[in-house]
Protein chains: 2
Amino acid sequence: MYAATATIHTHLKDRYGERLSDSLALRSQHAHGEGLQDAHLPDVVVFAESTEEVAHIVGLCHAARVPIVPFGTGTSLEGHVAALHGGVCIDLSRMNQIIAVNPEDLDCRVQAGVTRMQLNRDIKAQGLFFPIDPGADASLGGMAATRASGTNAVRYGTMRENVLGFTVVTAEGKIIHTGTRARKSSAGYDLTRLFVGSEGTLGIMTEVQLKLYGLPECMAAAISQFDTLEGAVASVIMAMQMGIPMARIELLDSVQMAASIAYSKLEGLAAKPTLFFEFHGSERYVAEQAEMMQDISSENGGSDYRWVKAQEERTALWQARHHAYYAAMASRPGYQCMATDACVPISRLAECITEAGKLIEQSGLSAPIVGHAGDGNFHLQPLYDPKDAEMTARAHALTSAVSALAIRLGGTCSGEHGIGFHKLEALKAEHGEAIGLMQSIKKALDPNNIMNPGKTVPM
Amino acid sequence: MYAATATIHTHLKDRYGERLSDSLALRSQHAHGEGLQDAHLPDVVVFAESTEEVAHIVGLCHAARVPIVPFGTGTSLEGHVAALHGGVCIDLSRMNQIIAVNPEDLDCRVQAGVTRMQLNRDIKAQGLFFPIDPGADASLGGMAATRASGTNAVRYGTMRENVLGFTVVTAEGKIIHTGTRARKSSAGYDLTRLFVGSEGTLGIMTEVQLKLYGLPECMAAAISQFDTLEGAVASVIMAMQMGIPMARIELLDSVQMAASIAYSKLEGLAAKPTLFFEFHGSERYVAEQAEMMQDISSENGGSDYRWVKAQEERTALWQARHHAYYAAMASRPGYQCMATDACVPISRLAECITEAGKLIEQSGLSAPIVGHAGDGNFHLQPLYDPKDAEMTARAHALTSAVSALAIRLGGTCSGEHGIGFHKLEALKAEHGEAIGLMQSIKKALDPNNIMNPGKTVPM
């Protein structure tokens, strides 16, 4: 245990009893997210049950200069929850109350530990849904913290667009509120957007106010296959220009399709570049969108356009998409997947994926590609044997090269996975001198550097 | 002239020659925006023509601790451009180059002095438009600085959702870039969103990267009149819940309708609560939306639902809406209008406007109300005789009371006009302890308090 943590251990134990643990098993489980498995153990894990408790714990850590790592479901991919400097891991998973749902205003307030599926189960009967879907059943606090998005972002935006406000415990242990219940505001600096994507480095979000949406009358999916990646991307560009408000438009490259066909038993599909679509709206409007998309895709060399309306078939399709990661891993038994993330202007997407293909070839690795094509966002999933240090290094080099490529094409090293501590170098390359402002903000709001130190911004 | 300004005057004059002016006329013209006419003259006005020039001027001001006020078109409403502490006004109106338009990516980059109408004229031939429409033909830099929105925000969002990045000159005179051309990013703190709405107090935005949209195939408008405000608002709530993607949904109260009927010669309409709608999309989809809206509005007591498809009639309708401010003023010749701004959860909109009505009655003033009802945003336009100090005080008291009312109902004191220096007290009431974080950020990015001092955040 780090010395600083030792000074507050008794205090914490007295107050939180069984809810504080320093068992190796629990600390190990809290030492990493998904993706890269570099474990950095916190000294203790405390399960907080209220904003006031979080404030109390942070207050103690503030006084004793103990590092703090907030923890939701541990599904992040860039090492966000690794306790690089030990300290206290505050587990928020028991803060899982849905505080208020307001159907008239299409919003709700939840504790940070509520997961997106829990919320959706709760509000479905009221004809509502929360669309942001990063794949994992992540906590909404964690999703806000990493500025998560996923398959529905092309229509509904990311966490950036869908958080209305927070309750935040500051680095000093004060409780503040950002935003209001109004849909928009020009009142002062946008603290809400500053905390979205701050990865626990500026304070801990304990409550989140979210936008909700009415469940669409009708949802339908479609698939189209292409001989070339360019044809698939050209279809996406045309659809965006025409303003077809697609709910999802997902790209799988031929390598990923081969893996997904094998893993998810997809029938009647070839291992070719493929688009999966989803449309939301009235019956008539969904039909119109699906027909327009069919025209666009055949204009661009798409074939086998299939429209999937039955709930069951639609679910199977999206399950296959969500299982892309597992399908990739299953294609190389015993290997791990170092999922990485890049986002470029959509006009550069085909070029970026083609160039990434060359980098994959040079690396000698297999790396299926899936992407939220409507946003220009894609994931490369290099498969590597974690026991093979040289191969692991090649996987790291490949992901770094993809970050550099995306930045060179006017894009970003992270569309939705965040920075954590894996992408600090890429962040510097992307933002240049603007990093200085990020550092100033970090120092201003967390002068003792106790909030998730070593993450998000190089200090 | 303030002493500090005097120390750099020669430097500036040498470099900028005729583009620097200390004439009283020009300084007076730059001493206030619209709305309240409290003039605070800058010591000099400099017309900058490039980011490098802005950086040079800011660098000089930084060294000599001279206050700086950035100036676009001077159409803001809360005193943003008043030079409360003298100093240098940097006029950006000559930075009016459209740097790049990318139809495939639906984005563009403009210098901060480009106005929204200039941009829309330029991109129309490419089938594109930029929807944010605050009424005034404001500069896009200024619109970003005040987090402007307006009639189209219910569908297309505000400047918050539509700025992808900036070139910024920092308080030290450094040039940095925020954001990328990617549609979304999880890479570091969201500096772009921090500068949106920062009102020139953290740095000067000299270039703006913006989202664009394809011009809809079809646009149609509609009008519906209601006996009660509640009926109008209930229609809006139902339409939002059903997810009808209306482009505009505007509310005018009976007082405003009386003024607009007289001023804009609107025929066949009564002085009753009225909704103006606009629908964008394919022919078929626009028809579907307009029909759904008609059903909703008659369910809620709406009458005389009129569908306006002809371009000319549609333009006349929206002109009447945009002239609401002038119509209000024309209803009391010789009076001024102290337009104020509030935004509440939509479920509280009817209550808020009804309560505001009581406050208007108590004030003894006439104050027409117009609102972007889909966002829960409305403007009260108290009419007062600026030569009558007692009446002016009553108008001020009324606008303050409306801010307090909106905050009490879970909303904000400013939906889109910003804080400037008029609403600092309301900001404090709205944000409580979170003001401390805003102050920390201001101090971190502008330690000498030279960037538009006295605005946005009380220091």
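Residues numbered from 1 in each chain as written. Chains lettered and ligands numbered in written order. Predicted model: local features only at pLDDT ≥ 70, side-chain atom pairs only at ≥ 80, totals over all residues. Heavy atoms only, no water.

**Overview of helix α15 (residues 389-408) of chain A**
Residue and element names in this part refer to chain A. Condition: Runs of H or I in DSSP of at least four residues are treated as helices and runs of E of at least two as strands, each being numbered from the N terminus. Expected helix span is taken as 1.5 Å per residue step, with the number of steps being one fewer than the number of residues. Relative accessibility under 20% of the residue-type maximum defines a buried residue, over 50% an exposed one, and the middle range a partly exposed one, all with a 1.4 Å probe and only protein chains included. This arc is taken over the directions from the axis of the helix to the C-beta atoms. Any pair of nitrogen or oxygen atoms within 3.5 Å is treated as a polar contact; in protein, a donor-acceptor pairing is required on top of that, and neighbouring residues in sequence qualify only through side-chain atoms on both sides.
For α15, built from 20 residues, the straight-helix expectation of 28 Å at 1.5 Å per residue is met to within 8% by its first-to-last C-alpha distance of 29 Å. Taken as a whole, α15 has its buried residues at Met391, Thr392, Ala395, Leu398, Thr399, Val402, Ser403, Leu405 and Ala406. The buried residues of α15 occupy an angular sector of 165° when projected down its axis, which confines them to one face. Every exposed residue of α15 that faces more than 90 degrees away from the buried side is listed here: Ala389 and Arg408. N-cap assignment for α15: the residue whose side-chain oxygen lies 3.1 Å from the backbone N of Glu390 is Asp388.

**Considerations on the sheet that holds strand β3 (residues 68-71) of chain B**
Residue and element names in this part refer to chain B. For clarity, the threshold we go by: Here a strand pair is declared whenever DSSP counts at least two bridges between the two strands. In this analysis, two residues are considered to be in contact whenever any of their non-hydrogen atoms come within 4.5 Å of each other. Working convention: axes come from line fits to C-alpha atoms, limited for helices to the stretch in contact. Angles between N-to-C directions cover 0 to 180 degrees.
The strand order across the open sheet formed by four strands is β1-β2-β4-β3, and the pairing between neighbours is mixed. With partners counted over all chains shown, the strands left at the sheet margins are β1 (20-21) and β3, one partner each. Inspection of the sheet shows β3 paired to strand β4 (residues 88-91) by four bridges, in the parallel sense. Pairing of Pro70 across the sheet is with Ile90, part of β4. Strands in contact with helix α3 (residues 51-64) are β2 (44-47), β3 and β4; relative to β4, the strand with the most contacts, it is inclined by about 170°.

**Section: the packing of helix α1 (residues 3-16) of chain B against α3(B)**
All names here are of chain B. As a reminder of what qualifies: Working definition: roughly parallel below 35 degrees, roughly antiparallel above 145 degrees, roughly perpendicular at 65 to 115 degrees, and oblique for all remaining angles. Handedness of a crossing follows from how the near helix is turned relative to the far one, being left-handed for an anticlockwise turn of less than a right angle and right-handed for a clockwise one. Basically, the charged four are Asp, Glu, Lys and Arg, the nonpolar ten are Ala, Val, Leu, Ile, Met, Phe, Trp, Tyr, Cys and Pro, and anything else, Gly included, counts as polar.
Two elements in contact, α1 and α3, have axes whose closest approach is 9 Å; the angle formed by their N-to-C orientations is 155°. If you check the angle between α1 and α3, you find them roughly antiparallel. Of the two elements, α1 crosses α3, and the hand of that crossing is right-handed. Contacts between α1 and α3 involve Ala4, Thr7, Ile8, His11, Leu12, Arg15 and Tyr16 from the former and Glu53, His56, Ile57, Leu60, Cys61 and Ala64 from the latter. Among the residues making up the contact of α1 with α3, the classes are represented as eight nonpolar, three polar and two charged.

**Section: the nonpolar core**
Our working rule: The nonpolar core is taken to be a set of buried Ala, Val, Leu, Ile, Met, Phe, Trp, Tyr and Cys residues, with the residues joined through side-chain atoms within 4.5 Å.
Among the nonpolar cores identified, the biggest contains 86 residues, and Leu119(A), Met159(A), Leu210(A), Leu119(B), Met159(B) and Leu210(B) are the most heavily contacted of them. What Met159(A) contacts, discounting residues up to four positions off in sequence, is Phe130(A), Ile132(A), Leu140(A), Met143(A), Ala144(A), Arg147(A), Ala148(A), Val196(A) and Leu210(A).

**Description of the environment of Thr151(B)**
All names here are of chain B. Relative to the helices and strands, Thr151 is located in the loop between α5 (140-145) and α6 (153-156). Relative accessible area serves as the criterion here: at 3%, Thr151 is assigned to the buried category. In the structure, Thr151 is positioned 91 residues away from Met242 in sequence and 20 Å away in space, judged by C-alpha atoms.

**A closer look at the interface of chain A and chain B**
For the record, the criterion: A 1.4 Å probe defines the accessible area here, and the buried area is the portion of it lost by two parts on being joined, summed over both. Salt bridges are defined by distance alone: a side-chain nitrogen of Lys or Arg within 4 Å of a carboxyl oxygen of Asp or Glu.
At the interface, 77 residues of chain A touch 77 residues of chain B. When the buried area of chain A at its contact with chain B is split by residue, Lys184(A), Ser186(A) and Tyr189(A) rank highest and sum to 15% of it. In this structure, the connection of chain A to chain B is made through 10 salt bridges. Among the salt bridges present, the one from Arg284(B) reaches Glu288(A), with a minimum N-O distance of 3.3 Å. Mapped by element, the contributors of at least two residues to the side of chain A that touches chain B are α7 (159-162), β9 (175-179), α8 (191-195), α9 (229-241), α11 (283-299), α16 (424-431) and α17 (435-445) of chain A.

**Topic: α9(A)**
Residue and element names in this part refer to chain A. Counted at 1.5 Å a residue, the expected span for α9 with its 13 residues is 18 Å, and the 19 Å between its end C-alpha atoms agrees. Turning to α9, its buried residues number three or more, namely Leu229, Gly231, Ala232, Val233, Ser235, Val236, Ile237 and Ala239. Where α9 is buried, its residues meet β13 (248-252), β14 (274-281), α11 and α14 (349-363). One or two steps after α9, the chain reaches Gly243, where phi turns positive at roughly 75°.

**Topic: the environment of His323(B)**
All names here are of chain B. Along the chain, the position of His323 falls in the loop between α12 (311-322) and α13 (324-330). A relative accessible area of 27% places His323 in the partly exposed class. Measuring from C-alpha to C-alpha, the distance between His323 and Tyr263 comes to 8.4 Å, with 60 residues separating the pair along the chain. Beyond its immediate chain neighbours, meaning those up to four positions away, His323 contacts Tyr263 and Ser264.

**Things to note about the sheet that holds strand β15 (residues 303-308) of chain A**
All names here are of chain A. With respect to topology, seven strands assemble into an open sheet ordered β15-β12-β14-β13-β18-β19-β17, the strand pairing being antiparallel. The open sheet has two free edges, formed respectively by β15 and β17 (340-343), since each of these has just one partner strand. Across the sheet, the mean angle separating the axes of adjacent strands is 15° when strand polarity is ignored. Along the sheet, α11 contacts β12 (218-225), β14 and β15; its crossing angle with β14, the most-contacted strand, is approximately 155°. Set on the sheet, α15 makes contact with β17 and β19 (377-380); between it and β17 the angle comes to about 10°.

**As for the side chain of Asp385(A)**
Tracing the sequence through the fold places Asp385(A) in the loop between β20 (383-384) and α15. For Asp385(A), the residues in contact, after removing those within four places along its chain, are Tyr335(A), Met391(A) and Thr392(A).

**Some details on the pairing of strand β5 (residues 98-102) of chain B**
All names here are of chain B. The pairing of β5 with strand β6 (residues 107-111) spans four bridges and is classified as antiparallel. Of the residues in β6, the one forming a bridge with Val101 is Cys108. Taking the residues between adjacent antiparallel strands as the criterion, β5 and β6 are bridged by four residues, where Leu106 takes a positive phi near 50°.

**Quick look at unusual backbone geometry**
Apart from glycine, the bulk of residues carry a negative phi angle, and the bulk of peptide bonds sit in the trans form. Residue and element names in this part refer to chain B. The phi dihedral of Leu106 is positive, around 50°, even though this residue is not glycine. Tracing the backbone shows Leu106 in the loop between β5 and β6. A residue is classified by how much of its surface remains accessible, and Leu106, at 9% relative accessible area, is buried. One non-glycine residue, Arg147, lies in positive phi territory at about 55°. Tracing the chain through its elements places Arg147 in the loop between α5 and α6.

**A look at the packing of helix α9 (residues 229-241) of chain B against helix α14 (residues 349-363) of chain B**
Residues and elements named next belong to chain B. Interhelical geometry of α9 versus α14 gives an angle of 150° and a closest axis separation of 9 Å. Between α9 and α14, the angle is such that the two are roughly antiparallel. For the element pair α9 and α14, the recorded crossing hand is right-handed. Across the interface between the two elements, Leu229, Glu230 and Val233 of α9 pack against Leu349, Ala350, Ile353 and Thr354 of α14. For the contact of α9 with α14, the residue count by class is five nonpolar, one polar and one charged.

**Comments concerning the relation of the copies chain A and chain B**
Heads up, the condition is: A residue counts toward the fit only if its pLDDT is at least 70 in both copies, and the copies are then superposed by least squares on the C-alpha atoms of those residues.
Once chain A has been moved 0.0 Å along the axis and rotated by 180°, it coincides with chain B to within an RMSD of 0.0 Å. The superposition operator between the copies reduces to a two-fold rotation axis. Counting the interface residues of chain A, we find that 100% of their copies in chain B are interface residues as well, pointing to one common contact surface.

**What about the state of the cysteines?**
Residue and element names in this part refer to chain B. The condition that has to hold: To count as a disulfide, a pair of cysteine sulfur atoms needs to be within 2.5 Å.
Within the structure shown, the criterion is met by zero disulfides over all chains. Residue Cys89 stays outside any disulfide, its sulfur separated by 11 Å from that of Cys61, the closest cysteine. Among the residues examined, Cys89 registers a relative accessible area of 1% and is labelled buried.

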